[in-house]
Amino acid sequence: MKKDNFTSPDYFNMDDLLTDEHKLIRSATREWVKKNISPIIEQSCQEANFPMNILPGLAEIGAFGPYIPSKYGGAELDQISYGIIMQELERGDSGIRSTASVQSSLVMYPIFNYGSEAQRKKYLPKLASGELIGCFGLTEPDHGSNPGSMTTSIKDMGDYFLLNGSKMWISNSPFADIAIVWAKNEEERIKGLIVERGMPGFTTPETHNKWSLRASATGELVFNNVKVPKENILPNKDGLGAPLGCLDSARYGIAWGAIGAAMDCYDTALKYAKERIQFGKPIASFQLQQKKLAEMITEITKAQLLTFRLGQLKNKNNASSAQISMCKRNNVDMALTISRNARQILGGMGITGEYSIMRHMMNLESVITYEGTHDIHLLITGLDITGHNAFK
Ligand code: TGC
Ligand code: FAD
């Protein structure tokens with residue numbers, strides 16, 4: 001792996017819109033990534049191994065629950081700060097950003113927003129410090145894009161719930177201490193539960209043979225007559241809107257994260273194109289390569305503007321789910337297209353682990369699928385602008 005000399009593009013002076021605190025958070029996260037992720041990530045991916053030893057560092061830079069109030073251990077930052085942290089982490093690797101996204105938006109968010117005060121006090125400080133790691137179980141083997149049809153169930157047994165069923169494709173499941181699990185009760189209403197590792201009947205088999213997100217651990221959640229204490233149910237919201245509310249927060253973070261991956265590919269390709277000599281000239285001097293690079297910086301800039309505006313709306317609690325969908329869809333597609341073009345600029349070198357581009361490209365194939373596929377987000381926009389539901 002080459003030394004990480006990343007410099008971020010800022011073609012429309014976006015920095016003018018950031019506060020000093022935003023810039024400080026960005027430089028701290030970027031330095032942390034250069035020191036702790038860039039030197040090890042290629043090997044982690046090659047070995048399909050999540051680097052567990054980075055968890056305390058992620059907690060220290062405030063990547064676990066950045067917007068959670070400090071009284072529960074969070075950093076109490078605004079939504080743009082959260083986005084910047086996700087951008088910088090995904091600049092390093094989507095799998096590292098995934099771990100922070102899941103912990104913040106899919107585990108801490110529901111406990112903070114839907115949990116009891118006792119649940120907040122019990123779990124949030126330990127999740128913020130990385131003492132506990134969580135995962136989020138919504139997807140099932142037969143219910144991915146359509147989670148409302150889930151079959152995982154809870155049965156009221158008087159002093160506990162009996163949980164049965166299984167979840168699939170769950171980030172962090174193989175090592176998570178707790179899982180936020182979505183299951184239907186006897187009235188077919190979706191409820192959220194906090195399931196703890198060690199509860200009899202609860203297992204988390206790992207999913208192997210992934211070509212994407214290899215530095216992120218993915219697995220199943222299997223529930224075989226698990227007795228879940230009643231105090232572990234999230235009392236303050238139920239129905240499909242509850243998990244979808246968490247997804248809004250995570251999708252927002254992914255929108256920022258994808259810009260990080262795109263910037264890394266662009267920066268690498270631009271530097272390479274200026275240095276690589278063919279036919280006696282740098283390849284950056286050929287029109288075809290300039291077209292690729294010019295389109296990349298245009299698309300990154302458009303995404304930066306869209307996403308910053310979304311962050312302003314989020315800060316005012318005024319971003320709609322459809323706006324978040326549009327931004328997640330646009331930015332991940334943008335990043336994937338840029339990674340493919342950047343890889344071509346590097347020629348044969350682009351397929352090696354000497355450079356980060358192919359790793360980003362493979363990762364982004366998951367990012368364009370999870371948290372709602374590219375198609376699903378298009379249909380969300382379609383529904384929003386026409387009023388016609390084309391899902392069913
Ligand atoms: P629908 O009838 O439209 O809605 C059911 C209820 O939910 C409400 N709602 C939302 N609430 C909050 N946020 C949103 N984004 C919402 N979208 C809908 C809606 O108002 C309704 O409320 P109520 O009170 O009337 O009941 O539901 P549907 O069954 O037709 O499905 C809609 C659809 C397809 C958009 C939705 O199910 C969907 O988004 N599907 C995609 C599934 C998905 O994104 N799964 C992600 C799993 S987690 C993951 O991938 C983590 S990866 C993490 C990582 O590693 O980074
Ligand atoms: P399907 O829903 O079967 O979709 C297959 C194809 O059909 C897609 O192209 C889709 O766009 C299309 N399609 C589906 N419905 C329609 C329709 N109505 N109209 C048109 N086209 C349609 N889930 C979690 O709960 N927690 C996690 O932590 C998590 N982490 C993940 C990590 C990884 C690496 C991956 C790959 C997935 C993860 N997921 C997680 C699951 C992810 O959210 C789902 O894979 C995703 O929602 C899509 O579901 P599916 O794979 O079952 O695809």
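Being a predicted model, the structure only gives us computed values, none of them experimental.

Rules and cut-offs
- Residues numbered from 1 in each chain as written.
- Chains lettered and ligands numbered in written order.
- Predicted model: local features only at pLDDT ≥ 70, side-chain atom pairs only at ≥ 80, totals over all residues.
- Heavy atoms only, no water.
- Helix = DSSP H or I, 4+ residues; strand = E, 2+ residues; numbered from the N terminus.
- Buried < 20%, exposed > 50% of the residue type's maximum accessible area, 1.4 Å probe, protein only.
- Expected span 1.5 Å × (residues − 1).
- Near = heavy atom within 4 Å.
- Polar contact = N/O pair within 3.5 Å; in protein donor to acceptor, adjacent residues only side chain to side chain.
- Areas by Shrake-Rupley, 256 points an atom, 1.4 Å probe, with all protein chains shown as cover.
- Nonpolar A, V, L, I, M, F, W, Y, C, P; charged D, E, K, R; others polar.
- Domains from an automatic or database assignment.
- Contact = heavy atoms within 4.5 Å.
- Buried area = accessible area lost by both parts, 1.4 Å probe.
- Salt bridge = Lys/Arg side-chain N within 4 Å of Asp/Glu carboxyl O.
- Phe/Tyr/Trp six-rings, centres within 6.5 Å; stacked < 30°, edge-to-face > 60°.

Student: Could you give me a rundown of unusual backbone geometry, with the residues and numbers involved?
Tutor: Notably, Asn13 is not glycine yet its phi reads approximately 50°, a positive angle. By secondary structure assignment, the location of Asn13 is in the segment before α1 (20–36). For Asn13, a relative accessible area of 47% corresponds to the partly exposed category. Even without being a glycine, Glu371 presents a positive backbone phi close to 60°.

Student: Could you give me a rundown of helix α7 (residues 241–275), with the residues and numbers involved?
Tutor: Compared with an ideal rise of 1.5 Å per residue, which puts 35 residues at 51 Å, α7 spans 51 Å between its outermost C-alpha atoms and is within 8% of the ideal. Across the 35 residues of α7, 29 count as buried, placing the element largely inside the fold.

Student: Tell me about the site of ligand 2, and please be specific about residues and values.
Tutor: Contacts to ligand 2 come from 17 residues, most closely from Thr139, Ser145, Trp169, Thr373 and Asp375. Note that an oxygen atom of ligand 2 is positioned 2.6 Å from one of the side-chain N or O atoms of Ser145. Separating an oxygen atom of ligand 2 from a backbone N or O atom of Ser171 is a distance of 2.9 Å. For ligand 2, whose free accessible area comes to 980 Å², the fraction covered by protein is 68%. Elements with a minimum of two residues in the shell around ligand 2: β3 (160–171) and α11 (374–386). The biggest single contributor to the shell around ligand 2 is β3, with 3 residues. Looking at the shell around ligand 2, its residues break down into 8 nonpolar, 7 polar and 2 charged.

Student: How would you summarise the domain arrangement of the chain if you had to cite specific residues and measurements?
Tutor: When its domains are assigned, the chain resolves into domain 1 (14–129), domain 2 (134–232) and domain 3 (241–386). Spacing between the C-alpha centres of domain 1 and domain 3 amounts to 20 Å. Taken together, the contact pairs 28 residues of domain 1 with 33 residues of domain 3. Both sides together, the interface formed by domain 1 and domain 3 hides about 2500 Å², and carbon and sulfur atoms give 62% of it. In this structure, the connection of domain 1 to domain 3 is made through 3 salt bridges. For Arg91, the salt bridge is made with Asp264, and the minimal N-O distance between the two is 3.0 Å. Our count for the contact surface shared by domain 1 and domain 3 stands at 13 residue pairs in polar contact (both at pLDDT 80 or more). Sorting the residues of the side of domain 1 that touches domain 3 by element identifies α2 (41–46), α4 (79–92) and α5 (94–114) as the ones contributing at least two each.

Student: Describe the packing of aromatic side chains, naming the residues involved and giving the relevant values.
Tutor: Enumeration over the complete set of coordinates arrives at 10 aromatic pairs. Ring centres of Tyr67 and Tyr82 lie 5.0 Å apart, and the angle between their planes is 75°; on these two criteria the pair is classed as edge-to-face. Residue Tyr67 is found in the loop between α3 (55–60) and α4, and its partner Tyr82 is found in helix α4; the two are separated by 15 residues along the sequence. For Tyr67, a relative accessible area of 14% corresponds to the buried category.

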